[in-house]
Each structure stands twice: as C-alpha cells, then as structure tokens.
Amino acid sequence: MKKNKAKKIEAADSSPSGRLGGATFFQDVFDVARQIPKGRVTSYGAIAAYLGTKLSARMVGWAMNAAGSAKPKVPAQRVVNRNGMLSGKHHFKTPTAMEEALKKDGVQVKNDTVVDFAARFWDPIKELSL
C-alpha cells in the first residue's frame, strides 16, 4: 500500500481560543480530511485524537458540517462515526449524497454503514506520523 505524502499538523494547544498550530480548529480538521485517500474513511474521533483534542469529536463533526464551503474542497464524505455509520449524511445536499460520494470513491455502503469499515479505516495518527 502506497503511503500518503503527509502534511504534519501541529498538536493542539490548550488555549480556549480554539486555535491550533496557528490555524483555526476547523482549518486543521479540513487539512487532515483532505489527506484521507480515496477508498478509505476515518472517524470524527480519529481526527480529534490526531489533533490532540481526543474529546472533541463533536467539534470535528461541526467542522465537517461547515466543510461544504471550504476551499480547496474537503472530502467530508470520508469522515464517519466510530462505527462506520454515515451519521453526517443529513448535512449533505440530499439524504443520499454522502453515500453516493462514498460509492464514487469505491467505498461500499449498506444500511448507512461502511462495509468492511475496519479494513477501510484510515488512522491519521498512524498514516500522518513523520
């Protein structure tokens, strides 16, 4: 399997400003999500853990909800919940748009859940370590 060229994101600081590594939290989330390879998925919690804010999975979800207007484009369909469920599908243009985008990426979905989730899981802590 080919390794992704990784862009190292600095770990979160503990300041209440919500700023991480000199960028906003949402931008850091977007930077990680943009590195998820086609055909793979990750979870909100895995991105939060990579950014050093393990308990901020919900904030990663809020970032994914705002990703539609981000430039360059963020493949938000590749971020699912810890069980592989398409819990963010209601934030896409149509109720089936997230599943359709994943299928276009080569990811099978059944009953709103990624098929073979464990094999498709992309862990940024492992994949983006330098």
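Residues numbered from 1 in each chain as written. Predicted model: local features only at pLDDT ≥ 70, side-chain atom pairs only at ≥ 80, totals over all residues. Heavy atoms only, no water.

(A) A look at the confidence of the model for the protein chain. When the pLDDT values of the protein chain are averaged, the result is 86; 82% of them are 70 or greater. Counting interchain partners and residues more than four positions distant, the pLDDT-below-50 stretch residues 9-22 has 20 contacts. (pLDDT = per-residue confidence, 0-100. Contact = heavy atoms within 4.5 Å.)

(B) Up close: the nonpolar core. Membership of the largest hydrophobic core comes to 21 residues, with the highest contact counts inside it found for Val29 and Met64. If you list the elements that add at least two residues to this core, you get helix H1 (25-33), helix H2 (44-50) and helix H3 (57-66). Ignoring anything within four residues of it in the chain, the contact list for valine 29 reads Ile47, Leu51, Val60, Ala63 and Met64. Listed in part, the nine residues of the second largest apolar core include Met98, Leu102, Val114 and Phe117. (Core = buried A, V, L, I, M, F, W, Y, C linked by side-chain atoms within 4.5 Å. Buried < 20%, exposed > 50% of the residue type's maximum accessible area, 1.4 Å probe, protein only. Helix = DSSP H or I, 4+ residues; strand = E, 2+ residues; numbered from the N terminus.)

(C) Representation of the environment of glycine 84 in the model. One can find glycine 84 in the loop between strand E4 (79-80) and helix H4 (97-104). For glycine 84 and valine 109, which are 25 residues apart along the polypeptide, the C-alpha to C-alpha distance reads 9.3 Å. Residues in contact with glycine 84, not counting those within four places in the same chain, are Asp112, Thr113, Val114 and Phe117.

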